[in-house]
Amino acid sequence: EKPVAVWGWADAGEAVTVAFAGQSKTVTADAEGKWSLRLDALPASAEPRSLVVTGKADRRLEVKDVLVGEVWLGSGQSNMAMIVQNSQNFEAEKAAAKYPLIRHYQESSAPADQPKAEGKGQWRACAPETVGGFSAVLYFFGREIHREVGVPVGLVNTSVGGTPIESWVSAEAQSSAPATKARYESQLKAHVEFDAAKATAAYEKQVAAWKVTAEKAKAAGKEVPRKPVDPIANRKFKGGPAALYNGKVVNLAPYTLRGMLWYQGEGNAGNPGLYETQLTQLVTSWRTLWQDEVPFAWVQLPNYRTSNSESWPRLRESMMKVLALPKTGMAITLDIGDPQDIHPKNKQDVGKRLSFWALATVYGRSVPAISGPLPTGSQVEGDAIRVSFRHADGLKTRDGAAPRGWLLAGADKAWKPAEARIDGTSVVVRSAAVPAPVAARYAWAENPDAHLVNGAGLPATSLRTDTWPDPAAK
């Protein structure tokens, strides 16, 4: 139901004709041999057809088994890259994966210092023998769309584990914004001046020191620290700032999409306050590249490990703030992470929650809820603070107990545990230890007890009503 972009390369000035589904359109390649056209909007069709491109003399290309349906792009780091084979209940999922009208494209290009118009990748139809290699989040999302909308679904997966968001944002967006300009220039300088021999020598020293520390930790029964990152391997898959945007995103535009999905943030937890700007840059720079304000949703970081760090809740907050952009959504996953594993295996519910947002806002379908509860504001009421929510019909706790995980602080900024009660779509919080409260927080931890949910069972986001800086931030 959208005009379909078809593009490619030929000789300069060559006439190129594209024929598909009864349409035929001709365009002339420019001086550099580039050409692009758009077929008129087509209805969804599960009928396999061929798209034929012809040029001068006997130049002819035929792309077979082409369907018309809904195409979604997914990107991010390891939790988007994580495949169905590594998700929970794989054997059952594999046996049930008989959906030939769901297709998955794996983008396989390398990072690049400059934007690359051509890329590499492969389409695969969904079947028990292929689904194991699909992005799990994309597949479980696409399966819901396919089941509910009843049309073919294409899933374009361009994601790389262990990568920061700045690798995926255009250089222009990063270098033109005051908040990221200096960071971008510093990272670019480090990339250009990278000395492999020097980096390897430093890495070997770091590994040697790590081995000693790791052995001591094991002997003491303590958690073993993470092994240092190999700078050579890191450079190979991540590149410099904007390198994954250049190498693995630019070549996909202007492929006609219904929307985009994003699952990343772990790689930027060290600077959560900047993430609001960075995610905004990602959404707007990709929409600019496609020249289309496509719907865009992301996965908020789940619960993970137990420490006193505020980095993950602050990064979740930054993600929530970007919902101010039009046509955006967010899946809250505070209840389906794994405290011991940064790669939680329950990707089925992640895909389903993203599909609720898409089915309601993009396709106009009825869903249990678009999102878990999100805060809309707060006010002090005597010795209590009232926090109001949207997407909060049927607000309750999952276990029926009184709301847990709330904190209050007065002007002294000393946080104390608080009692809470649900009042419609609000929560009223008070503490005998804080007779004059000025701020409240909920689930403000890496691995909180997030049992506040709406009637659909979707969890509320972690939140705070203050804007105080993180006392532990570097």
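It should be noted that the structure appears before, not after, this text.
What counts, and at which threshold
- Residues numbered from 1 in each chain as written.
- Predicted model: local features only at pLDDT ≥ 70, side-chain atom pairs only at ≥ 80, totals over all residues.
- Heavy atoms only, no water.
- Helix = DSSP H or I, 4+ residues; strand = E, 2+ residues; numbered from the N terminus.
- Rg over C-alpha atoms; globule rule 2.2 N^0.38 Å.
- Buried < 20%, exposed > 50% of the residue type's maximum accessible area, 1.4 Å probe, protein only.
- Contact = heavy atoms within 4.5 Å.
- Areas by Shrake-Rupley, 256 points an atom, 1.4 Å probe, with all protein chains shown as cover.
- Lys, Arg positive; Asp, Glu negative; His and termini not counted.
- Charge placed at Lys NZ, Arg CZ, Asp CG, Glu CD.
- Axes fitted to C-alpha atoms, helices over the stretch in contact; angles between N-to-C directions.
- Parallel < 35°, antiparallel > 145°, perpendicular 65-115°, else oblique.
- Left-handed = near helix turned anticlockwise from the far one by under 90°.
- Nonpolar A, V, L, I, M, F, W, Y, C, P; charged D, E, K, R; others polar.
- Pairing = 2+ DSSP bridges.

Digging into the overall build of the protein
Working step 1: When helices and strands are counted, the protein shows 11 helices and 23 strands.
Working step 2: Computed over C-alpha atoms, the radius of gyration of the protein comes to 25 Å, within 12% of the 23 Å expected from 2.2 N^0.38 for 474 residues, which places it in the range of a compact globule.
Working step 3: In terms of overall dimensions, the protein has a C-alpha envelope of 85 × 60 × 45 Å along the principal axes.
Working step 4: Counting every position in the protein, which comprises 474 residues, the buried fraction comes to 50%.
Working step 5: Residue pairs at least 24 apart in sequence account for 71% of intrachain contacts in the protein once pairs closer than 6 positions are excluded.
Working step 6: Summed over all atoms, the accessible surface of the protein reaches about 21,800 Å², with 51% contributed by carbon and sulfur.
Working step 7: Averaged over its 56 positive side-chain charges, the protein has a centre that lies 3 Å from the centre of its 49 negative ones.

Re the packing of helix α9 (residues 275–290) against helix α10 (residues 311–321)
In helix packing, the relevant descriptors are the interaxial angle and the interaxial distance, both defined with respect to the helix axes.
Working step 1: Between α9 and α10, whose axes approach to 8 Å, the crossing angle comes to 40 degrees. The angle between α9 and α10 places the two elements in the oblique class. Taken as a pair, α9 and α10 cross one another with a handedness that is right-handed. Here Tyr 275, Glu 276 and Leu 279 of α9 lie close against α10, whose contacting residues are Leu 315, Ser 318, Met 319 and Lys 321.
Working step 2: Classifying every residue of the contact of α9 with α10 gives four nonpolar, one polar and two charged.

A few points about the sheet that holds strand β20 (residues 426–430)
Working step 1: With antiparallel pairing, four strands are arranged side by side in an open sheet as β14-β15-β20-β19. With one partner strand each, in any of the chains shown, β14 (374–381) and β19 (419–423) form the two edges of the open sheet. Sheet twist, expressed as the mean angle between neighbouring strand axes with direction ignored, is 20 degrees.
Working step 2: Both β19 and β20 contribute to a ladder of five bridges, which runs antiparallel. In the sheet register, Asp 423 faces β20, and the bridge partner there is Ser 426.

Things to note about the packing of helix α5 (residues 178–192) against α9
Working step 1: The contact between α5 and α9 brings their axes to 10 Å, and the two run at 90 degrees. It follows that α5 is roughly perpendicular to α9 by the angle criterion. Along its contact with α5, which presents Ala 179, Thr 180 and Arg 183, the element α9 presents Thr 277, Gln 278 and Gln 281.

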